[in-house]
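# Commentary on secondary and tertiary structure
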Amino acid sequence: MRENGTILIADNDVKTRDLVSAFLTYQGYDIAAAEGNTPFFETIENNNVDIIIADLTYLRLIDPDFKERCALINPLLVLIGYGEIDGAEHVKSDSDTIFTLPKPLNLDELESLVMRAREYQSMKMYDRTVGDSAQNKILSASMIGTSPPMRALFEMITKVAASNATVLIQGESGTGKELAARAIHQLSNRNAKNFVPVNCAAIPDDLLESELFGHVKGSFTGAYANRIGRFEMADKGSLFLDEIGDMKANLQVKLLRVLQNREFEPVGASKSQKVDVRIIAATNKNLEELVVSRDFREDLYYRLSVIPITIPPLRERREDIPVLIHTFLVRFNADKRNTVKGFSREVLSILCNYEWPGNVRELENLVERLVILKGSGLIVPDDLPEKYLSGKPSRAILVQIPTLPADNLLPEGGICLNSAVEEFENNLIAQALSRSGGNKKEAAILLNLKRTTLIEKLKKKNMSFNEDQ
Ligand SMILES: Nc1ncnc2c1ncn2[C@@H]1O[C@H](COP(=O)(O)OP(=O)(O)OP(=O)(O)O)[C@@H](O)[C@H]1O
Ligand SMILES: [Mg+2]
């Protein structure tokens, strides 16, 4: 099976079947055609089909109960049809795994729909891989990712949540350290109490001690009343010490003491106070290097990193990018009441190859920006800010015709040369038209043909495309 998955095309109209099959073959999908004597649902099972693209009238004819049968199996259904596809809206409301597209087909729309169906499928797959336990539901609701490092991370989070051990989360900026810390708290038996975050880099040094441990009235200028600190607020809950690498040496000593004795002294107090807190610390600095350069206490480092967790940068788990994009798209469309349909294949490919120095946060911000600026329709490369395009392959590479494998082209039993050549030609034409957004002039340039020759061919082949382009 190709990595893009297998699509079954069920349509008794040969032209639509050939066109869709040629077009999707070039998009990297395996095509299974429902024809011959093999019953429809058997074809699906035998071919491990991921998506079914079916003409509604034809499907009803084959099996009036197709809806129920499809609901029982995995593949997603894309219904196509003339006019009556309105009726499919009814079908659609019964099951969210059914997408619809009116005929005559617009190949761009088909491409975007198939992509959405694939994204939807990976989301469902994701739900299945993380399972339905209450723990996994909490995790999957906030942290998205199906890549092996993310699965390992989820497993780790679930395990450490059950203990009281101190956790040190390391990772580049925007990788999801705070998200992971919150998930650990949510999954722990401390979740009925507070999760208290403290950003050690954002609070001025002279205030951080009182912020963490509280103070008694009159202990310093401005201490007009007793004030409890974050440690006390987090009693029986979790304290999240963010940007721990920025904590100054004098406070590092005090923190070490709390970690050793589970007690602290508010600023200006004469007595220490007991506390039951689970500490989760995070930093995007390399703490081991800070230990070597003596900017971070070694003893504190060991106390904190009882359980070290490292979240890998996004560029090391690129397979998570499409599912993250999909999640953010759905979220921001809903937030902003926009109707952006999706990202073109080219945009997805650009984003999957980008380095993401700002990791998931950068991706989240980009999707938000694109949803706001675009409002509706499909996001295409021109919508992307310049910096994402600098690594984009040139047009010459984009239009490169796939080379045929030199050997084994001729099947054992021979081939019908005319129809093989014709199929190859149809494929290239369909691809050129898709690239050019249906514009015949541009498609003709891509094929090194005159526009009139292309139009003649299209007419001869009965391929229907927008007349005015
Ligand atoms: N796996 C993920 N799934 C969904 N959203 C994510 C994921 N990872 C990060 N995010 C989102 O990206 C943004 C950054 O995440 P977070 O604040 O947890 O990162 P961080 O590692 O703490 O970053 P920094 O080092 O800059 O503080 C948040 O809006 C968060 O919701
Ligand atoms: Mg953070």
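Above this note sits the structure.
Calculation rules
Residues numbered from 1 in each chain as written. Chains lettered and ligands numbered in written order. Predicted model: local features only at pLDDT ≥ 70, side-chain atom pairs only at ≥ 80, totals over all residues. Heavy atoms only, no water. Helix = DSSP H or I, 4+ residues; strand = E, 2+ residues; numbered from the N terminus. Salt bridge = Lys/Arg side-chain N within 4 Å of Asp/Glu carboxyl O. Buried < 20%, exposed > 50% of the residue type's maximum accessible area, 1.4 Å probe, protein only. Pairing = 2+ DSSP bridges. Axes fitted to C-alpha atoms, helices over the stretch in contact; angles between N-to-C directions. Contact = heavy atoms within 4.5 Å. Core = buried A, V, L, I, M, F, W, Y, C linked by side-chain atoms within 4.5 Å.

Let's shift gears to unusual backbone geometry. The omega torsion across Lys 103 and Pro 104 is -5 degrees, close enough to zero to call that bond cis. Secondary-structure assignment places Pro 104 in the loop between strand S5 (98-102) and helix H6 (107-130). In this model, Lys 236 sits at a positive phi of 65 degrees, which is unusual for a non-glycine residue. Its location among the elements puts Lys 236 in the loop between helix H11 (230-233) and strand S8 (238-242). One non-glycine residue, Arg 262, lies in positive phi territory at about 55 degrees. Along the chain, the position of Arg 262 falls in the loop between helix H12 (249-261) and strand S9 (263-264).

Another point: the pattern of salt bridges. Where charged atoms from two side chains of opposite charge come close, those side chains can pair. Throughout the structure, instances matching the rule amount to 24 salt bridges. One salt bridge in this structure joins Lys 103 and Asp 11, with 2.8 Å as the shortest N-O distance. Of this pair, Lys 103 sits in the loop between S5 and H6 while Asp 11 sits in the loop between strand S1 (6-10) and helix H1 (14-26), and the two are 92 residues apart along the sequence. Accessibility classification places Lys 103 together with Asp 11 in one group, the buried group. Notably, a salt bridge pairs Lys 236 with Asp 235, separated by 3.7 Å at the nearest N-O pair. Salt bridges linked by common partners bring Arg 257, Glu 263, Glu 265 and Lys 274 together as one network.

Ordered in space as S7-S8-S11-S6-S12, the five strands form an open sheet in which the pairing is parallel. What marks the edges here is a single partner per strand, and that holds for strand S7 (195-199) and strand S12 (307-310). Looking at each pair of strands side by side, their axes are set apart by 20 degrees on average, direction ignored. With four bridges connecting them, strand S6 (residues 167-170) and S12 associate as parallel partners. Its bridge partner lying in S12, Ile 169 is registered against Ile 309. The sheet contacts of helix H8 (residues 148-161) involve S6, strand S11 (278-283) and S12, and relative to S12 the element is tilted by about 155 degrees. Packed on one face of the sheet, helix H9 (residues 177-187) meets S6, S7, S8, S11 and S12 and runs near 155 degrees to S6.

Residues Leu 212, Phe 231, Leu 239, Leu 241, Ile 244 and Phe 296 are the most contacted members of the largest nonpolar core, which totals 31 residues. Elements supplying a minimum of two residues to this core: S7, helix H10 (205-213), S8, H12, S11, helix H13 (287-292) and helix H14 (298-304). Looking at this core, the element that brings in the most residues is H12, giving five residues. With residues up to four places along the chain from it excluded, the contact list for Leu 239 reads Val 196, Val 198, Arg 230, Phe 231, Ala 234, Val 277, Arg 278, Ile 279 and Ile 280. Within the second largest apolar cluster, 29 residues are counted, among which are Cys 352, Leu 366, Leu 370 and Leu 389.

Nothing here speaks to function; it is geometry throughout.
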